[in-house]
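Each chain, written out:
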There are 2 protein chains.
Amino acid sequence: MNYQINSLNLLIENLAKLPGIGKKTAQRLAFHVLKTEREEIAELAKALLAVKDNVKSCSVCFNITENDPCEICVNPRRDKTIICVVEEASNVITIERLNEYRGLYHILGGALSPLNGITPEKLKVRELLSRLSGEVEEIILATNPTIEGEATAIYLAKVLKNIGVKVTRIARGLPMGGDIEYADEVTLAKAIANRN
Amino acid sequence: MNYQINSLNLLIENLAKLPGIGKKTAQRLAFHVLKTEREEIAELAKALLAVKDNVKSCSVCFNITENDPCEICVNPRRDKTIICVVEEASNVITIERLNEYRGLYHILGGALSPLNGITPEKLKVRELLSRLSGEVEEIILATNPTIEGEATAIYLAKVLKNIGVKVTRIARGLPMGGDIEYADEVTLAKAIANRN
């Protein structure tokens, strides 16, 4: 192609680096940017940088936050006897949206995956253990119901067993509104084993 | 939701304004931004603004360009006797990618659509006519094969008839690799009528 518009190509290249955005979508987005008011695009550019500049990791629970420690850790109305352990900070947002859970969180920063070099030392496991002195009574293991998430939960349950704190795992079974007919075998087996 | 991270929410809101990006995708992208190096995000922000600041419309053909008149209009090796009329600047990039067409372009800025208030005055039709004095010998109507694009081509053909320039329309028929069995009726009828 001997016809190039440099700044447009540069934008397309940069947009195509985002996950789930291919070359075609990037081009479509770039043309949208061309047609949009400069003010709106400037706001997007500012928001991108603001996130990088303002959002950090909470030094207690490793949740993302603008103030350290985070809002949840310092909130006096949260139940400090329960810690819900999740893989990623995005999981906190999902759980908070339910408005059901009133305890604290601990973000591991991933799940065990020895093949990819994710060993317990790479996760915030030591930091979790150091939070257990004193008032914590229950640890909820809310890692994903995937092979890695399950392995992480099993590993943590083993480590936490010796400490004498109550350890629970979020239930795995058929999703509400689901149909037994279409459930996969692993889920169905879990649902029967964990009947209550 | 009483748990908010302001700069993250602002970014999600801004990303969700982009076409084809819903709330969920915006959230996924925002978390990607969080995990990405600041340098890479700064580059994206810069590229966004550079497009708004550097890319303008060519005063001759209304193609997008960083220099006015655009590269194609000033290129002495382009055939100045042919003008290819398209709806949008993105069409130029697509046609240029073929490396087949060596003439000039004219970008209408859309297609006729009276119901949406797009009348000939809203498109760069007058500007096209003002380019026809002198060396132009052929106008290729390369508007989309949609109702609006066809209407625009018919309108332009009528207007250009009186000027005495040769007017052609890109062929509409079965796409290469297609199957007559699965062609829609309108396309098949066109393909038979335009047999050559």
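Please read all numbers here as calculations on a predicted model, not as lab measurements. One numbering rule holds for all chains: residues counted from 1, following each sequence as written. To label them, take the chains in the order written and letter them from A, then take the ligands in the order written and number them from 1. Local features in this predicted model are restricted to residues whose pLDDT is 70 or higher, and side-chain atom pairs enter the listing and the counts only when it is 80 or higher, whereas totals over whole chains, interfaces and linings include all residues. Excluded from the side-chain calculation are hydrogens and water; included are all heavy atoms of the structure.

Enquirer: Go over the overall build of chain A, please, and point to the residues and values.
Expert: What counts as a helix is a DSSP run of H or I of at least four residues, what counts as a strand is a run of E of at least two, and both are numbered from the N terminus. Scanning chain A from N- to C-terminus turns up 8 helices and 6 strands. Written out in order from the N terminus, the α and β elements of chain A read α-α-α-β-β-α-β-α-β-α-β-α-β-α. The size measure is the radius of gyration over C-alpha atoms, and the globule rule it meets is 2.2 Å times the number of residues to the 0.38 power. The globule rule puts the C-alpha radius of gyration for 196 residues at 16 Å, and the 22 Å found for chain A is more than 25% above it. The classification of residues rests on relative accessible area computed with a 1.4 Å probe and restricted to protein chains. Under 20% of the type maximum is buried, over 50% is exposed, and intermediate values are partly exposed. Residues counted as buried form 40% of the 196 residues belonging to chain A. Whether two residues are in contact is decided by their heavy atoms: any pair within 4.5 Å suffices. In chain A, 46% of the contacts between residues at least 6 apart in sequence involve partners at least 24 apart. Accessibility throughout is a Shrake-Rupley quantity obtained with a 1.4 Å probe, and a residue counts as covered only by protein chains that appear here. Of the roughly 11300 Å² of accessible surface on chain A, 54% is carried by carbon and sulfur atoms.

Enquirer: Explain the environment of Glu185(A) to me, and be specific about the residues and the numbers.
Expert: Residues and elements named next belong to chain A. Tracing the chain through its elements places Glu185 in helix 8 (residues 185-193). On the accessibility criterion, Glu185 (71% relative accessible area) is exposed. Sequence separation of Glu185 and Phe62 is 123 residues, and the distance between their C-alpha atoms is 35 Å.

Enquirer: How would you explain the domain arrangement of chain A if you had to name every residue and give the values?
Expert: As used throughout, domain bounds are those supplied by an automatic or database domain assignment. Annotation of chain A at the domain level lists domain 1 (6-54) and domain 2 (64-169). The distance between the C-alpha centroids of domain 1 of chain A and domain 2 of chain A comes to 34 Å.

Enquirer: Could you give me a rundown of helix 5 (residues 89-97) of chain A, with the residues and numbers involved?
Expert: Buried within helix 5 of chain A are the following residues: Ala89(A), Asn91(A), Val92(A), Ile93(A) and Glu96(A). At its buried positions, helix 5 of chain A is contacted by strand 2 (64-65), helix 4 (71-74), strand 3 (79-86) and strand 4 (103-107) of chain A together with helix 1 (6-16) and helix 2 (23-35) of chain B. Following helix 5 of chain A by one or two positions, Asn99(A) has its phi on the positive side, about 60°.

Enquirer: Explain unusual backbone geometry residue by residue, including any values.
Expert: Look at the link from Asp68(A) to Pro69(A): it is a cis peptide, with omega at -5°. Counting through the fold element by element, Pro69(A) comes out in the loop between strand 2 and helix 4. Positive phi values are uncommon outside glycine, yet Phe62(A) reaches one of about 70°. A relative accessible area of 17% places Phe62(A) in the buried class. A positive phi is found at Asn99(B), a non-glycine position, where the angle reads about 60°. You can see Asn99(B) is positioned in the loop between helix 5 (89-98) and strand 4 (103-107).

Enquirer: An account of the side chain of Glu87(A) is requested, with residue identities and associated values reported.
Expert: All names here are of chain A. Topologically, Glu87 is positioned in the loop between strand 3 and helix 5. Under the convention used here, Asp and Glu are negative, Lys and Arg are positive, and both His and the chain ends fall outside the count. For salt bridges, the criterion is a side-chain nitrogen of Lys or Arg within 4 Å of an Asp or Glu carboxyl oxygen. Despite its burial, Glu87 remains without a salt bridge, the nearest opposite charge being carried by Arg169 at 6.6 Å. Contacts described as polar in this section are N or O atom pairs within 3.5 Å, which, within protein, must combine one atom able to donate a hydrogen with one able to accept it, while residues neighboring in sequence count only if both atoms come from side chains. There is a polar contact of 2.9 Å between the side chain of Glu87 and the backbone nitrogen of Asn144. With sequence-adjacent residues up to four places away left out, Glu87 is seen in contact with Ile107, Leu108, Gly109, Gly110, Ala111, Thr143, Asn144 and Gly149.

Enquirer: Requested: an account of the relation of the copies chain A and chain B, with residues and values cited.
Expert: A rotation about an axis combined with a shift along that same axis relates the two copies of the chain. Superposing the copies works by least squares over the C-alpha atoms of residues that have pLDDT at least 70 in both of them. Mapping chain A onto chain B calls for a rotation angle of 180° and an axial translation of 0.0 Å; the resulting RMSD is 0.1 Å. The two molecules are tied by a two-fold rotation axis, judged by turn and shift. Closest approach to the rotation axis within chain A is made by the C-alpha atom of Ala45(A), at a distance of 2.2 Å. Comparing interface residues between copies, 100% of those in chain A also sit at the interface in chain B, which points to an isologous, same-surface contact.

Enquirer: Can you lay out the sheet that holds strand 6 (residues 166-169) of chain A for me, pointing to particular residues and giving the numbers?
Expert: Residue and element names in this part refer to chain A. When DSSP finds at least two bridges between two strands, those strands are taken to pair. Strand order across the open sheet formed by 4 strands is 4-3-5-6, with parallel pairing between neighbours. Each end of this open sheet is capped by a strand with a single partner; those strands are strand 4 and strand 6. Within the sheet, the average angular offset between the axes of one strand and its neighbour, ignoring direction, is 25°. Relative to strand 4, helix 5 is tilted by about 155°, and along the sheet it contacts strand 3 and strand 4. Note on method: axes are straight lines fitted to C-alpha atoms, helices fitted across the in-contact stretch only, with angles between N-to-C directions ranging 0 to 180 degrees.

Enquirer: For the environment of Glu148(B), give the residues involved together with the corresponding values.
Expert: All names here are of chain B. Considering the arrangement of structural elements, one finds Glu148 in helix 7 (residues 147-161). Take Glu148: its relative accessible area is 36%, and that puts it in the partly exposed class. For the pair formed by Glu148 and Asn99, sequence separation is 49 residues and the distance between their alpha carbons is 27 Å. What Glu148 contacts, discounting residues up to four positions off in sequence, is Ala111, Leu112 and Ser113.

Enquirer: Before we move on, could you go through the nonpolar core and cite the residues and values that matter?
Expert: Only buried residues count toward a nonpolar core, which is a set of Ala, Val, Leu, Ile, Met, Phe, Trp, Tyr and Cys residues joined through side-chain atoms within 4.5 Å. Leu8(A), Leu11(A), Leu8(B) and Leu11(B) are the most contacted members of the largest nonpolar core, which totals 44 residues. Contributing elements (two or more residues each) for this core: helix 1 (6-16), helix 2 (23-35), helix 3 (38-54) and helix 5 of chain A together with helix 1, helix 2, helix 3 (38-54) and helix 5 of chain B. Each residue touching Leu8(A), except ones within four places of it in the same chain, is listed here: Ala30(A), Phe31(A), Leu34(A), Val51(B), Ile64(B) and Ile93(B).

Enquirer: Hey, could you go over the confidence of the model for chain A for me, with residue numbers and the actual values?
Expert: Of all residues in chain A, 98% have pLDDT values of 70 or greater, and the mean over the chain is 92. ipTM for the predicted complex: 0.82, alongside a pTM of 0.79. Each residue gets a pLDDT score, which is the predictor's confidence in that residue and runs from 0 to 100.

Enquirer: Provide a residue-level description of the sheet that holds strand 5 (residues 138-141) of chain B, including the pertinent values.
Expert: Residues and elements named next belong to chain B. In spatial order, the strands read 4-3-5-6; together these 4 strands make up an open sheet with parallel pairing. Across the chains shown, the open sheet's two edge strands, defined by having one partner strand only, are strand 4 and strand 6 (166-169). Sheet twist, expressed as the average angle between the axes of neighbouring strands with direction ignored, equals 25°. One ladder, built from 4 bridges, connects strand 3 (residues 79-86) with strand 5; its direction is parallel. When the bridges of strand 5 are listed, Val85 appears paired with Leu141. Together, strand 3 and strand 4 form the strand contacts of helix 5, whose direction differs from that of strand 4 by roughly 155°.

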